[in-house]
Each structure stands twice: as structure tokens, then as C-alpha cells.
Amino acid sequence: MVRGVHYGGACAVLLAAAVALGLGARGGAAQLDDKFYDRSCPGVHKIVRRVLREAHKADVRIYASLTRLHFHDCFVQGCDGSILLDNSTSIVSEKYAKPNNNSVRGFTVVDDVKAALEKACPGVVSCADILTIAAEVSVELSGGPRWRVPLGRRDGTTANLTAANSLLPSPRNNLTMLQRKFAAVGLGDIDLVALSGAHTFGRAHCQFVTDRLYNFSKTGMPDPTLDGGYRALLAGSCPRRHGNRSALNDLDPTTPDAFDKNYFTNLQGNRGFLQSDQELLAAPGATTAAIVGQFASDEKAFFRSFAAAMINMGNIKPLTGGQGEVRRNCRRVNGS
Ligand code: HEM
Ligand SMILES: *[C@@H]1O[C@H](CO)[C@@H](O)[C@H](O)[C@H]1NC(C)=O
Ligand SMILES: *[C@@H]1O[C@H](CO)[C@@H](O)[C@H](O)[C@H]1NC(C)=O
Ligand SMILES: *[C@@H]1O[C@H](CO)[C@@H](O)[C@H](O)[C@H]1NC(C)=O
Ligand SMILES: *[C@@H]1O[C@H](CO)[C@@H](O)[C@H](O)[C@H]1NC(C)=O
Ligand SMILES: *[C@@H]1O[C@H](CO)[C@@H](O)[C@H](O)[C@H]1NC(C)=O
Ligand SMILES: *[C@@H]1O[C@H](CO)[C@@H](O)[C@H](O)[C@H]1NC(C)=O
């Protein structure tokens, strides 16, 4: 019944009644449905795929960037498209939070997807769902798993810069901190390890690794958990002095743009890029180490767990039913 909101006024009245009865305020996840747009926008998957393939011709990194955008959306007040909102009189954008500033990207491609969808089915597909579908399509087109994406999220009308700064994990977090931040949004060890496997594609700036190369935890020494050969390779791109903090490195130097299990075999060779990556295996007594080992030896197991974890992450506090809105422009709250 909640789905009927797309089909007309009568259903909207029923919906309002349901919300009034408190039905709309339930956990939410149960109301997402992979068939949500089957009648209201049947071409949605095809359209997203077409726009992403086109964008990929000019930017091989875009699939990785879009996958990350969904993550940075969901960890901050749920998967509500809040990360897409620009500064305005009513919005302090999350784009300038420390984990996002000059780092998250792909916004113009999201705009292109939204424009194509507004043409095909005006006012129907939320920006939060666009990010969710784009992440799945990106992984699939990079050689990773495919899965049915639960849909029906609505877009939020607020952003929270403080939350973006405090809730998103830092590359210098230890395993305990990573587990705490994931647990705060209902994600466990298997989710943490599987989702970190997204660092099998995409790029990272030197600024996130220079301390590991030269002065780890203010010891004046490299991170002891970093392989010497890999350290030398990274030092070439990220010199100690007079280097370019914004120079880019492959997160997975073996197959930079393919979605595969090499992230985990890299960790086994002490070739994780970020401290937060290597922590999954190297932290003393790590409960995550066995999961890394399993995914390193069994790509199918990784793919299955990754798909399940993406669905879990996509279920973080979605707005559904009559909550929020479907933004016309992903960068702005309607009517502002
Ligand atoms: C576990 C905690 C995590 C930390 C600390 C972390 C941190 C980072 C950092 C620092 C970068 C490099 C950013 C830059 O240089 O601008 C990065 C890139 C990336 N992250 Fe994560 N990340 C985490 C989890 C995840 C998750 C859960 C996903 C998705 C499911 C993800 C997907 C990506 C991707 C695809 C890139 C490359 C993006 C691009 O090339 O544009 N990360 N991450
Ligand atoms: C947006 O607002 C934030 C916080 O006020 C500020 O730091 C940032 O520079 C602004 N960015 C733009 C592009 O206006
Ligand atoms: C974001 O990055 C720009 C360019 O590096 C910098 O000038 C600005 O101060 C940063 N903003 C915040 C809020 O950190
Ligand atoms: C923003 O996020 C912070 C940190 O999670 C939280 O304490 C605060 O209540 C949030 N603000 C709003 C207006 O939701
Ligand atoms: C992890 O980091 C937190 C915060 O920096 C710190 O309090 C804690 O002692 C660290 N835990 C371990 C096991 O290193
Ligand atoms: C390492 O960093 C710390 C703190 O930033 C600094 O005090 C120390 O001198 C550095 N050590 C070396 C060898 O650069
Ligand atoms: C630093 O690296 C970035 C990313 O590759 C590049 O766009 C920028 O031009 C470089 N800056 C300098 C001063 O070389």
C-alpha cells in the first residue's frame, strides 16, 4: 500500500492514514522492496546503467567513486541522500566534512542520472535510491557481484556536518574504533570486512599514507605492518618532503579498476593501503583476521558477503512512505 504513493491521490490518503497510525514510522528496512519502481519507473535500472557506462568512458574511476558516495551517505543519518545537498540558506553541506572534502566525487554523474530519470519518470526516483542503484551497477560493471537492490528510500530534507565528521570512519582508526563506528549503524565484523573489500578499486591521496611511510604514530619509523616493497613503491609517488599530498594512488595496485578479492590477498602480503585496511588482519587478536583469510581464498564467499553487506548498509535508517520527499534536484531540498 505504501508503494501506492506514486500512483495517485487516493493512495496518498491511505498512506497518510497509515503514517498517522504509526505504520510509517517503523524500522523502515522492511518496507524497502526491489520491485518498488517496477510500475512507476520500469526503466530505472537501465537508465542508471546507461548514464554510468557513458560517464565511465571519460572517467575509469567513476564506479569506485559512486560506490563510496553511497557509503558516505548511509553512515550519516541513514541512506537519505544527505551527502548530495549543497550549501544553502537552510543546509550546511556534508561535502565539506573532513572525510568528504576534496575526496568524495561523482556528484555531476549523479546529476546526470537524476536528469535522465526526471525525463523518463518525473518526481519518482529518489536521490538516495539513485546512489544505491549506482553502487550496485558500479560493482557489477567492474566485475563484482550483482544483487537485487531493495528500493523505496525517500530523500531527507536535512544534512548534518557534525555527524559526517564524527560518524564516518577515519583511515587512522584502529580496529576497535572501526568496529564501534560500524556497530553504531548496526553493522558487524563480516559487514566491516566485506565492505572494506570495496578498496579493491579506486584511488587514494598520498596524505592518507605518508605517515605510514615515514613517521607512523609519531615513532619516526614506517608502519611495521607495511610490506617493504610496497612501501618503496608508495614512497615513489608520495615523497617525504616537497611531495604532492594530492597525488593519487591505486588502492589495489594489482588490478586497480577490477572488483575482485585482491584487496584481501594484498592484506595477506601486508600491502593494505590504509592503516584501517591493514588493521583488519594485523590488529593483535583481531576477530576480523579469519574473515580476511576466508575472503582471500574464496572470491565467491567475498562476493556473497559483499552483496549482503551492501544491502545491510543500504538499510540504515531509510526514510520511507510519507517521510522526506523525492528531490527534483539532488543538490537541493524541493522548494528551496
Ligand atoms: C572501513 C572504514 C573505511 C575507511 C577508513 C575508508 C577510508 C577511505 C579513504 C581515506 C579513501 C581515500 C580517499 C581519498 O584519497 O580522497 C577511501 C577511498 C575509497 N573507499 Fe573507503 N573507507 C572505508 C570503508 C569503505 C566502504 C565501506 C566503502 C564502500 C562500500 C568504501 C569505498 C571506497 C572506495 C571505492 C574508494 C575509492 C574512491 C575513489 O576512487 O573515488 N570505503 N576510503
Ligand atoms: C559550505 O559551507 C561550509 C560550512 O559553512 C564552508 O566551510 C564551505 O566552505 C562552504 N562551501 C562552499 C562551496 O560554499
Ligand atoms: C576543503 O579543502 C579546501 C581545499 O583543500 C580547503 O581550502 C578548505 O579549507 C577545506 N575545507 C574544510 C572545511 O576543511
Ligand atoms: C547531528 O549529528 C550529531 C552527531 O551525530 C548529533 O548529536 C546531532 O543531534 C545531529 N543534529 C541533528 C539536528 O540531527
Ligand atoms: C584504539 O583507538 C582508540 C582511540 O584513539 C584508543 O582509545 C584505544 O586505546 C585504541 N585501541 C587499541 C587496541 O589500540
Ligand atoms: C614524527 O612526527 C612527530 C609529531 O608530528 C614529530 O614530533 C617527530 O619529530 C617526527 N619524527 C621524525 C623522525 O620526523
Ligand atoms: C597533485 O596531484 C593531483 C592529482 O593527481 C594533481 O591534480 C595536481 O595537479 C598535482 N599538483 C601538483 C602541484 O603537482
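Just so it is clear, the structure is predicted and the values come from calculations on it, not from any experiment.

## Remarks on the site of ligand 5
Part 1: Lining the immediate surroundings of ligand 5 are N174, T176 and M177.
Part 2: Interatomic distance of 2.3 Å between a side-chain N/O atom of N174 and an oxygen atom of ligand 5.
Part 3: Look at ligand 5: alone it shows 360 Å² of surface, and the protein chains cover 26% of it.

## Structural notes on the coordination of the iron atom of ligand 1
Part 1: Within the protein, a single donor atom binds the iron atom of ligand 1, namely H199 (NE2) at 2.0 Å.
Part 2: Structurally, H199 is set in the loop between α8 (189-196) and β1 (203-205).

## Considerations on the packing of helix α4 (residues 107-120) against helix α5 (residues 127-141)
To describe two helices that pack against each other, one gives the angle between their axes and the distance between the axes.
Part 1: Direction vectors running N to C along α4 and α5 enclose 115 degrees, while the axes themselves pass 11 Å from each other. Of the possible angle classes, the one that applies to α4 and α5 is roughly perpendicular. Note that α4 runs across α5; the crossing there is right-handed. Counted together, V110, V113, K114 and L117 of α4 and C127, I130 and L131 of α5 form the full contact between these two elements.
Part 2: By residue class, the composition of the contact of α4 with α5 is 6 nonpolar, no polar and 1 charged.

## What to know about the pattern of salt bridges
Part 1: Taken as a whole and judged by the stated rule, the model has 16 salt bridges.
Part 2: Ionic pairing is found between E140 and R49, a salt bridge with its closest N-O pair at 2.9 Å. Taken together, the positions of E140 in helix α5 and R49 in helix α2 (residues 44-58) put the pair 91 residues apart, joining distant regions of the chain.
Part 3: Its salt-bridge partner being D59, residue R105 comes within 3.0 Å of it at the nearest N-O pair. On the criterion of sequence distance, the pair formed by R105 in the loop between α3 (62-74) and α4 and D59 in the loop between α2 and α3 is long-range, its members being 46 residues apart.

## What to know about the state of the cysteines
Part 1: For the structure on display, the rule yields 4 disulfides.
Part 2: Between the sulfur atoms of C41 and its disulfide mate C121 the distance is 1.8 Å. Linking C41 in the loop between α1 (9-20) and α2 with C121 in the loop between α4 and α5, this pair joins segments that are 80 residues apart in sequence.
Part 3: Given a relative accessible area of 7%, C121 falls into the buried group.

## Thoughts on the UniProt feature "site: Transition state stabilizer" (unreviewed entry) in the protein
Part 1: The residues that UniProt annotates with the feature "site: Transition state stabilizer" (unreviewed entry) are R68.
Part 2: Here R68 shows up in helix α3.
Part 3: Using a relative accessible area of 31% as the deciding quantity, one classes R68 as partly exposed.
Part 4: With residues up to four places along the chain from it excluded, the contact list for R68 reads P99, S103 and V104.

## Comments concerning the domain arrangement of the protein
Part 1: As far as domains go, the protein holds domain 1 (5-168) and domain 2 (194-303).
Part 2: With centres defined by C-alpha atoms, the gap from domain 1 to domain 2 works out at 29 Å.
Part 3: Taken together, the 12 residues of domain 1 in the interface contact 9 residues of domain 2.
Part 4: Taken together, the links from domain 1 to domain 2 amount to 0 salt bridges.
Part 5: The tally of links from domain 1 across to domain 2 stands at 1 residue pair in polar contact (both at pLDDT 80 or more).
Part 6: Here the element with the most residues in the side of domain 1 that touches domain 2 is α3; it accounts for 3 residues.
Part 7: Per-class residue counts for the side of domain 1 that touches domain 2 are 5 nonpolar, 6 polar and 1 charged.

## A closer look at the packing of aromatic side chains
Part 1: For the structure shown, the criterion picks out 14 aromatic pairs.
Part 2: Taking the centre distance of 5.7 Å and the plane angle of 55 degrees together, the rings of F302 and F303 count as tilted. Each member of the pair, F302 together with F303, is buried.
Part 3: Ring pairs connect the aromatic residues W147, F201, F259, Y263, F264, F295, F302, F303 and F306, which therefore count as one cluster.
Part 4: Directly above the ring of F107 sits K95, whose terminal nitrogen or CZ lies 4.1 Å from the centroid.

What counts, and where the lines are drawn
Residues numbered from 1 in each chain as written. Chains lettered and ligands numbered in written order. Predicted model: local features only at pLDDT ≥ 70, side-chain atom pairs only at ≥ 80, totals over all residues. Heavy atoms only, no water. Near = heavy atom within 4 Å. Polar contact = N/O pair within 3.5 Å; in protein donor to acceptor, adjacent residues only side chain to side chain. Areas by Shrake-Rupley, 256 points an atom, 1.4 Å probe, with all protein chains shown as cover. Donors = N, O, S within 2.8 Å, 3.2 Å for Na, K, Ca; no water. Helix = DSSP H or I, 4+ residues; strand = E, 2+ residues; numbered from the N terminus. Axes fitted to C-alpha atoms, helices over the stretch in contact; angles between N-to-C directions. Parallel < 35°, antiparallel > 145°, perpendicular 65-115°, else oblique. Left-handed = near helix turned anticlockwise from the far one by under 90°. Contact = heavy atoms within 4.5 Å. Nonpolar A, V, L, I, M, F, W, Y, C, P; charged D, E, K, R; others polar. Salt bridge = Lys/Arg side-chain N within 4 Å of Asp/Glu carboxyl O. Disulfide = S-S within 2.5 Å. Buried < 20%, exposed > 50% of the residue type's maximum accessible area, 1.4 Å probe, protein only. UniProt positions renumbered as here; feature names shortened; annotations may be inferred. Domains from an automatic or database assignment. Phe/Tyr/Trp six-rings, centres within 6.5 Å; stacked < 30°, edge-to-face > 60°. Lys NZ or Arg CZ within 6 Å of the ring centre and 35° of its normal.

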